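Now for the letters of each chain:
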Amino acid sequence: RAKAEQLGGYRFFEQTMSEELNDRRQTEHDLRHAADRGELYVVYQPQASVASSSIVGFEALVRWRRPGHGQMSPSTFIPLAEECGAILPIGEWVLRSVCREAAGWPNPLSVAVNVSAVQLHAPNFVALVHTVLFESGLPPQRLEIEITETALVRDFTRTLATLRQLKALGVRIAMDDFGTGYSSLSNLRAFPFDKIKIDRSFVTAVDSNQQAAAIVRSVLGLGRGLGLPVMAEGVETEAEMQFLQLEACDGAQGYLLGRPAPIDQFAHLTRANDVRLLSHAEDEPREQ
Ligand code: C2E
Ligand code: MG
Ligand code: MG
Ligand code: MG
């Protein structure tokens, strides 16, 4: 009987495993077609200058409305899309939509697009950016590409060449989630970044947590020494914002300044030259 139970248990285990595998295959299949099927959309989050409290641009963040599944966070589906290659059509769709959208904004509002390692290493990536800029008419200086350090770990020479080619187009490059990677300092020295984005984990409670404050101050010092502007991610409270003002941080992004939302919600900023600090954009639908 013990044996039968064991077998039953094993069979159950096997069945669960194959169900999970099937789910995953289905998700990957759906991801590959998400762009063609019109299931993707982009939300935008304002980025502010700390000194002037004005909006200087937006970060574009992709969303996937998968029929029958509701919202899934990009922190979940982007890694899956990277593993199965679906990130290429998704990334291309995002880049095209975002540049077309941002081309209509008043100068000098910029747009930041996240690009993952797989995209960066695709042989045609620089050509794609070039084509998309040309087709959309967006001035290259107003496009910023955000790269996390995990994108920099493989093939140093090729990565450096790609980043240099992007810069030669006039595009700016930001290091995203700074401080969470393996060798943040050597990466800063080795690659031609134009901006440092301090990870949200260091910005949270920076006004009251001494370790966080010490880390943020030292990144600001690093930025000054290297001549690179620093932007704080995930600013949620007035107290955090005041700390950043006092420490002369260049930029801020976070729920305090505005949540990611469809671009229509920022029409007062993108359709006029009057670019002021905005307060509370409405919440986007929550993840299910
Ligand atoms: P990220 O590039 O570091 O983007 C910032 C994330 O922090 C976003 O999450 C944003 O909604 C969230 N956030 C912003 N302000 C606050 C705040 O004040 N508090 C809190 N708690 N969170 C805040 P989201 O949109 O879920 O994106 C997660 C990650 O998925 C992004 O991190 C980025 O790595 C990736 N991602 C998003 N869109 C794309 C895309 O189009 N392409 C690629 N390759 N990756 C993307
Ligand atoms: Mg980012
Ligand atoms: Mg980030
Ligand atoms: Mg991140």
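Residues numbered from 1 in each chain as written. Chains lettered and ligands numbered in written order. Predicted model: local features only at pLDDT ≥ 70, side-chain atom pairs only at ≥ 80, totals over all residues. Heavy atoms only, no water.

Participant: Describe in detail the coordination of the magnesium ion (ligand 3), supporting the description with residues and values.
Facilitator: Taken together, the protein ligands of the magnesium ion (ligand 3) are Asp176 (OD), Asp177 (OD), Glu233 (OE) and Glu233 (OE), with distances of 2.0 to 2.5 Å. Read N to C, the donor residues that coordinate the magnesium ion (ligand 3) are spaced as D-D-x55-E. A separation of 4.0 Å is found between the magnesium ion (ligand 3) and the magnesium ion (ligand 2), both of which receive a donor from Asp176. Here Asp176 is found in strand 6 (residues 172–178), whereas its partner Glu233 is found in the loop between strand 8 (230–232) and helix 10 (238–246), with 57 residues between them in sequence. Glu233 matches Asp176 in its accessibility class, with the two residues each being buried. (Donors = N, O, S within 2.8 Å, 3.2 Å for Na, K, Ca; no water. Helix = DSSP H or I, 4+ residues; strand = E, 2+ residues; numbered from the N terminus. Buried < 20%, exposed > 50% of the residue type's maximum accessible area, 1.4 Å probe, protein only.)

Participant: Before we move on, could you go through the coordination of the magnesium ion (ligand 2) and cite the residues and values that matter?
Facilitator: Taken together, the protein ligands of the magnesium ion (ligand 2) are Glu59 (OE), Asn114 (OD1), Glu146 (OE) and Asp176 (OD), with distances of 2.0 to 2.2 Å. Donor residues binding the magnesium ion (ligand 2) come from one chain and are separated in sequence as E-x54-N-x31-E-x29-D. We classify Glu59 as buried; its relative accessible area is 4%. Asn114 gets classed as partly exposed once you look at its relative accessible area, which sits at 30%.

Participant: Could you give an account of the pairing of strand 2 (residues 55–66), with specific residues and numbers?
Facilitator: Along strand 2, 10 of the 12 residues are buried, which leaves the element largely enclosed by surrounding structure. Note that strand 1 (residues 40–49) and strand 2 share 9 bridges and pair antiparallel. Bridge pairing in strand 2 links Val43 to Leu61. Where strand 1 folds back onto strand 2 in an antiparallel hairpin, the turn is made up of 5 residues, including Ser53, whose phi is positive at roughly 55 degrees. Of the strand pairs in this sheet, strand 2 and strand 4 (residues 110–114) are connected by 4 bridges, and their pairing is parallel. Bridge assignment links Glu59 to a residue of strand 4, and that residue is Ala112. Where strand 2 lies against strand 3 (residues 70–72), 3 bridges are found, and the strand directions are antiparallel. In the strand pairing of strand 3, Trp64 is matched with Met72. The turn linking strand 2 back onto strand 3 is made up of 3 residues, and Gly68 within it adopts a positive phi angle of 80 degrees. (Pairing = 2+ DSSP bridges.)

Participant: Summarise the pairing of strand 1; cite the residues concerned and give the values.
Facilitator: When you tally the buried positions in strand 1, you get 10 out of 10 residues, the bulk of the element. With burial as the criterion, each face of strand 1 is covered, one bearing Leu40, Val42, Tyr44, Pro46 and Ala48 and the other bearing Tyr41, Val43, Gln45, Gln47 and Ser49. Both strand 1 and strand 9 (residues 251–253) contribute to a ladder of 3 bridges, which runs antiparallel. Paired with Ala48 across the strands is Ala252, a residue of strand 9.

Participant: An account of the site of ligand 1 is requested, with residue identities and associated values reported.
Facilitator: Taken together, the neighbourhood of ligand 1 is formed by 24 residues, with Arg63, Asn114, Asp176, Glu236 and Tyr255 sitting nearest. At a separation of 2.8 Å, an oxygen atom of ligand 1 approaches a polar side-chain atom of Asn114. Between ligand 1 and Glu236, the relevant distance is 2.5 Å, taken from a nitrogen atom to a side-chain nitrogen or oxygen of the residue. Protein burial of ligand 1: of its 810 Å² of free accessible surface, 84% is covered by the chains. Taken together, the elements giving at least two residues each to the shell around ligand 1 come down to strand 2, helix 2 (74–84) and strand 6. (Near = heavy atom within 4 Å. Polar contact = N/O pair within 3.5 Å; in protein donor to acceptor, adjacent residues only side chain to side chain. Areas by Shrake-Rupley, 256 points an atom, 1.4 Å probe, with all protein chains shown as cover.)

Participant: Report on the side chain of Ser116, specifying residues and quantitative values.
Facilitator: With respect to the helices and strands, the residue Ser116 is situated in the loop between strand 4 and helix 4 (117–121). Residue classification places Ser116 among the buried positions, given a relative accessible area of 9%. Reaching out from Ser116, the side chain makes a polar contact with the side chain of Glu82 at a distance of 3.2 Å.

Participant: So what about the confidence of the model for the protein chain? Which residues, and what values?
Facilitator: Overall, the predicted model of the protein chain reaches an average pLDDT of 90, with 89% of residues at or above 70. With pLDDT under 50 throughout, residues 274–282 is counted as low confidence; its partners more than four residues away or in other chains account for 26 contacts. Interface confidence for the predicted complex, given as ipTM, is 0.98, next to a pTM of 0.91. (pLDDT = per-residue confidence, 0-100. Contact = heavy atoms within 4.5 Å.)

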